[in-house]
Amino acid sequence: MQIEKKEFKPTIVAFCCNWCSYAGADLAGTNRLNYPADVKIIRVPCSCRVNPMFILRAFQRGADGVILCGCHPGDCHYTTGNYYARRRMTLLFSMLDFLGIERGRTRVEWVSAAEGAKFAQTMNEFVETIISLGENKRLEDLRCKK
Amino acid sequence: MQEMMKKRALQLLQDGTVERVLAWKTGEFSYDITPAVFESAEEIEKDFVYDAFCAANLSKYLVALSKKEGKTLAFLKPCDSYSFQQLMKEHRVDRDNVYIIGIACDGKADADKIKDSGIKGIKNIADNGDKLVVETIYSESTELDKKDFLAERCLNCKSRKVVIYDEMIGENGEVLDSNRFDMVEKIEAMTSEERFEFWQNELSRCIRCNACRNVCPACTCEKCVFDNDASGIANKAAANSFEENMFHIIRAFHVAGRCTDCGECSRVCPQHIPLHLLNRKFIKDMNEFYGEYQAGEDLETRPPLVNFTMDDVEPSIVNEKGGKE
Ligand code: SF4
Ligand code: SF4
Ligand code: FES
């Protein structure tokens, strides 16, 4: 018998704010720009809605990488949400790094509704980084693995 | 010190300024001191103690006590006073209902360090100023230098200044130049894999007793995610390394920007997990990224996590400023 070596298909969770990045993802779609189907988009009202626990939970449920996309600083639909999100994520990512979790697995990117191309490019890059890092082992929960 | 404190407590209780006194009394052993509320002169005469083992931070008890009828007298050490002022900032205590006596501090002893030094069968430890006198059940008596057995948090004390008080006993100290971030820097200098192993080794010992949460003066929510079964992380013993990480990241994050670095979490941990290092990592990052901030130092400055500037650093700063890869 031969052990089949499967190609690593990462699971990527992308939290996208409703007003900019989600619309940016839509635009990428209508413009038929390609980005890997491994990216699972979760729509949130604002980047600031994302609690650090959401990021951890995504890893627990099997994500190999988690990215948060929101409006560009200054453009948040709720005026200042993304400024708070920016501080929160900076500290969270730094803590994950401190605990020895590979820092490439987390990312924040500002994507506007007009930036369909940037959305697709960001996702392509991010998926590549995650493929090079391989499966998330350090922050996995075996009970949630299929 | 103890006698002066006792005398003042009795006076204030007798002249009706306060209804009760929050201080310390002896637990099962003389070096096992526990916070206590005294309501009568007799209780104070009998049980009131203040010595090198009164490490417990009393400020959290004032969340409940300051809501009671009548004033409470509380003795606060410098580090406790930061916690109290932070609670005021968060509107968790009623300042008008507390009479604070600030007490000058020269550091607390760590009974575990004394036990680790190899002395067996400790029965009693007496605080004799600069010396600690240890008596054992084998009728031996040893004299130790207090300064060799200070608690870790006191060796890296950030400030000997009581920041809020109605009166002082002893002379108030100064904000210190501490080396409290040294260990954080040491961990940052490890490789990512070494850091992971270091923390796995520490965190895997956690038995989820919740002592660290219960003691923390910044953890005063009435409802807590760690009590909520539906949260998925309320289970007592962590099921695996993910839950260990999750518990500790969330605990530390929840107090980020509010933690005064009083060191209580590490002091009470029965598994000797250096939890304060997680808090200090957040404090260090916030100082570096958003400017120096000391929780509990004043009532006005906005804490970094409920504040922002237009040109804050991006999260990608972690790629440059984070630990070694
Ligand atoms: S940390 Fe500082 S203020 Fe607090 S008990 Fe130790 S020496 Fe005293
Ligand atoms: S006090 Fe120590 S063992 Fe108890 S829950 Fe906290 S870290 Fe875990
Ligand atoms: S609405 Fe897009 S970041 Fe706030």
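Since we're looking at a predicted model, the values are computed, not measured. (Residues numbered from 1 in each chain as written. Chains lettered and ligands numbered in written order. Predicted model: local features only at pLDDT ≥ 70, side-chain atom pairs only at ≥ 80, totals over all residues. Heavy atoms only, no water.)

Moving on, we get to the overall build of chain B. Each helix and strand counted, chain B has 13 helices and nine strands in total. A compact globule built from 325 residues would reach a C-alpha radius of gyration of about 20 Å, and chain B, at 21 Å, matches this within 12%. Judged by the C-alpha coordinates and their principal axes, chain B covers about 60 × 50 × 40 Å. Buried residues in chain B amount to 55% of all 325 residues. Long-range pairs, those at least 24 residues apart, make up 66% of the contacts in chain B with a sequence separation of at least 6. Of the roughly 15000 Å² of accessible surface on chain B, 48% is carried by carbon and sulfur atoms. Side chains of chain B give 43 positive and 58 negative charges; the mean places of these two sets differ by 2 Å. (Helix = DSSP H or I, 4+ residues; strand = E, 2+ residues; numbered from the N terminus. Rg over C-alpha atoms; globule rule 2.2 N^0.38 Å. Buried < 20%, exposed > 50% of the residue type's maximum accessible area, 1.4 Å probe, protein only. Contact = heavy atoms within 4.5 Å. Areas by Shrake-Rupley, 256 points an atom, 1.4 Å probe, with all protein chains shown as cover. Lys, Arg positive; Asp, Glu negative; His and termini not counted. Charge placed at Lys NZ, Arg CZ, Asp CG, Glu CD.)

With that settled, consider a negative patch on the surface. Residues and elements named next belong to chain B. Residues Glu3, Glu42, Glu43 and Glu45 make up a contiguous surface patch of negative charge. Ranked by residue count, the leading element in the negative patch is helix H2 (residues 41-47), at three residues. A residue is classified by how much of its surface remains accessible, and Glu43, at 35% relative accessible area, is partly exposed. (Patch = residues over 30% accessible without salt bridge, like charges linked within 9 Å, V, L, I, M, F, W, Y side chains within 5 Å. Salt bridge = Lys/Arg side-chain N within 4 Å of Asp/Glu carboxyl O.)

Looking now at the packing of aromatic side chains. As enumerated under the stated definition, the model contains 14 aromatic pairs over all chains in all. Aromatic side chains Phe15 of chain A and Phe54 of chain A sit 6.2 Å apart centroid to centroid with 35 degrees between the ring planes, which places their arrangement in the tilted category. Note that Phe15 of chain A is positioned in strand S1 (residues 12-17) and Phe54 of chain A in helix H2 (residues 52-60), a separation of 39 residues in sequence. Look at Phe15 of chain A and you get buried, because its relative accessible area is 5%. A centroid spacing of 5.3 Å and a plane angle of 80 degrees characterise the contact between Phe253 of chain B and Phe282 of chain B, whose relative ring orientation is edge-to-face. Note that Phe253 of chain B is positioned in helix H10 (residues 241-254) and Phe282 of chain B in helix H12 (residues 276-290), a separation of 29 residues in sequence. Summarising the burial analysis for this pair, Phe253 of chain B and Phe282 of chain B share the class buried. Among the aromatic residues, ring-to-ring pairing joins Tyr83 and Tyr84 of chain A together with Phe308 of chain B into one connected group. The cationic tip of Arg43 of chain A hangs over the ring face of Tyr22 of chain A; the distance from NZ or CZ to the ring centre is 4.7 Å. (Phe/Tyr/Trp six-rings, centres within 6.5 Å; stacked < 30°, edge-to-face > 60°. Lys NZ or Arg CZ within 6 Å of the ring centre and 35° of its normal.)

This part covers the interface of chain B and chain A. The partner chain A presents 35 residues to the 50 residues of chain B that form the contact. Both faces combined, the contact of chain B with chain A buries some 3900 Å², and carbon together with sulfur accounts for 64% of it. The largest share of the area that chain B buries against chain A comes from Phe242, Phe308 and Pro315 of chain B, three residues that together contribute 17% of it. Counting the contacts that link chain B with chain A gives five salt bridges. For Glu314 of chain B, the salt bridge goes to Arg86 of chain A, with nearest N and O atoms at 2.8 Å. (Buried area = accessible area lost by both parts, 1.4 Å probe.)

As a further point, take the sheet that holds strand S4 (residues 106-110) of chain A. Residues and elements named next belong to chain A. Taken together, four strands build an open sheet; the order of strands is S2-S1-S3-S4 and the sheet is parallel. Only two strands of the sheet have a single neighbouring strand rather than two, namely strand S2 (39-44) and S4. Each neighbouring strand pair of the sheet contributes to a mean axis angle of 20 degrees, computed without reference to strand direction. Examined bridge by bridge, S1 and S2 share six bridges and lie parallel to one another. Counted as the bridge partner of Val13 is Lys40 from S2. Against the sheet, helix H3 (residues 81-98) touches strand S3 (65-70) and S4, its axis set at about 160 degrees to S4. (Pairing = 2+ DSSP bridges. Axes fitted to C-alpha atoms, helices over the stretch in contact; angles between N-to-C directions.)

Take the domain arrangement of chain B next. As a measure of interface size, the accessible area lost when the parts come together is often cited. Domain boundaries in chain B define domain 1 (1-108 + 150-178), domain 2 (118-148) and domain 3 (180-325). Placing the centre of domain 2 of chain B and that of domain 3 of chain B at their C-alpha centroids yields a distance of 35 Å. (Domains from an automatic or database assignment.)

Residue and element names in this part refer to chain B. Inspection of the region around ligand 1 gives Lys77, Pro78, Cys79, Cys105, Gly107, Lys108, Arg153, Cys154, Cys157, Ser159 and Arg160 as its neighbouring residues. Those elements giving two or more residues to the shell around ligand 1 turn out to be helix H4 (78-89) and helix H6 (152-155). The class makeup of the residues in the shell around ligand 1 is five nonpolar, two polar and four charged. (Near = heavy atom within 4 Å. Nonpolar A, V, L, I, M, F, W, Y, C, P; charged D, E, K, R; others polar.)

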